[in-house]
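# Examination of the molecular architecture
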Amino acid sequence: MIAYMDAEYNCCGDDKSLIEIAVIVCEDSKSNEPVEIYHTFVKPKLNKGRIYPRIKELTHIEQSDIDKGKSIAHVGDDLLELIKKYRIKSIYHYGDYDKTALEWNFLRRSEISKYRIIVYKLKDVMESVVTRLGMIEPVCLKDMAYLCENGYGCDTVQPVDLFPNTSHVECVAVLYLK
């Protein structure tokens, strides 16, 4: 089994506190059906548990969501259970910040080093996707990764602003069979 992960962080200065994480477990990269979806908000330890205003603006995460979130240790235990339950080989993510930030969250204190396997299972697919597609932000990482691994190339990518005045931008891609 493999998993795909996306996370949000309460970034400001040295603070990289995890505030939201989603993990989708699949049988393999060819499977379109999730076996399990894990999603939770996380209470940051720094900044008195408050979300920074700029992060709230970018992510649209509300303080009330954070207040109902789990502790980082609880999230770590949940992720370890997912890895064990499904024998997850790799957790795919996009971009190098996730690994750096999760190391900061899970490995900076020796008492939580039991979570190191979470960080070691992370596999960044950004370089592979960027190389194959010649772009920086694929709209759907899982679908683009699957297509690129299975004989497709990308000819053109056009950003389309479907949600004006937000940070969300969609892309239309022209793919071809290699």
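Below or above, wherever it landed, is the structure these notes cover. (Residues numbered from 1 in each chain as written. Predicted model: local features only at pLDDT ≥ 70, side-chain atom pairs only at ≥ 80, totals over all residues. Heavy atoms only, no water.)

### Describing the overall build of the chain
Counting its secondary structure elements, the chain contains seven helices and seven strands. In the chain, the order of α-helices and β-strands from amino to carboxyl end is β-β-β-α-α-α-β-α-α-β-α-α-β-β. Taken across its 178 residues, the chain has 39% of its residues classed as buried. When contacts within the chain are restricted to residue pairs at least 6 apart in sequence, long-range pairs at least 24 apart make up 59% of them. Accessible area for the chain stands at about 10400 Å²; split by element, carbon and sulfur atoms hold 52% of it. (Helix = DSSP H or I, 4+ residues; strand = E, 2+ residues; numbered from the N terminus. Buried < 20%, exposed > 50% of the residue type's maximum accessible area, 1.4 Å probe, protein only. Contact = heavy atoms within 4.5 Å. Areas by Shrake-Rupley, 256 points an atom, 1.4 Å probe, with all protein chains shown as cover.)

### A few points about the side chain of Ser17
Tracing the backbone through its elements, the reader meets Ser17 in strand β2 (residues 15–26). In this structure Ser17 comes out as buried when scored by relative accessible area, which is 4%. A polar contact of 2.6 Å, which involves the side chain of Ser17, links it to the side chain of Asp15. Residues within four places of Ser17 in sequence aside, it is in contact with Glu8, Tyr9, Asn10, Pro44, Lys45, Leu46, Trp104 and Asn105. (Polar contact = N/O pair within 3.5 Å; in protein donor to acceptor, adjacent residues only side chain to side chain.)

### Quick look at the environment of Tyr146
Relative to the helices and strands, Tyr146 is located in helix α7 (residues 141–149). Once the C-alpha coordinates of Tyr146 and Lys30 are considered, the two residues, 116 residues apart in sequence, prove to be 6.3 Å apart.

### Overview of the sheet that holds strand β1 (residues 2–12)
Sheet architecture is open: five strands sit in the order β3-β2-β1-β4-β5, paired in mixed fashion. What marks the edges here is a single partner per strand, and that holds for β3 (36–41) and β5 (122–124). Each adjacent strand pair in this sheet contributes to an overall mean axis angle of 30 degrees, direction not counted. On the sheet, helix α4 (residues 97–107) packs against β1, β2, β4 (90–93) and β5 and is oriented at approximately 115 degrees with respect to β2. (Pairing = 2+ DSSP bridges. Axes fitted to C-alpha atoms, helices over the stretch in contact; angles between N-to-C directions.)

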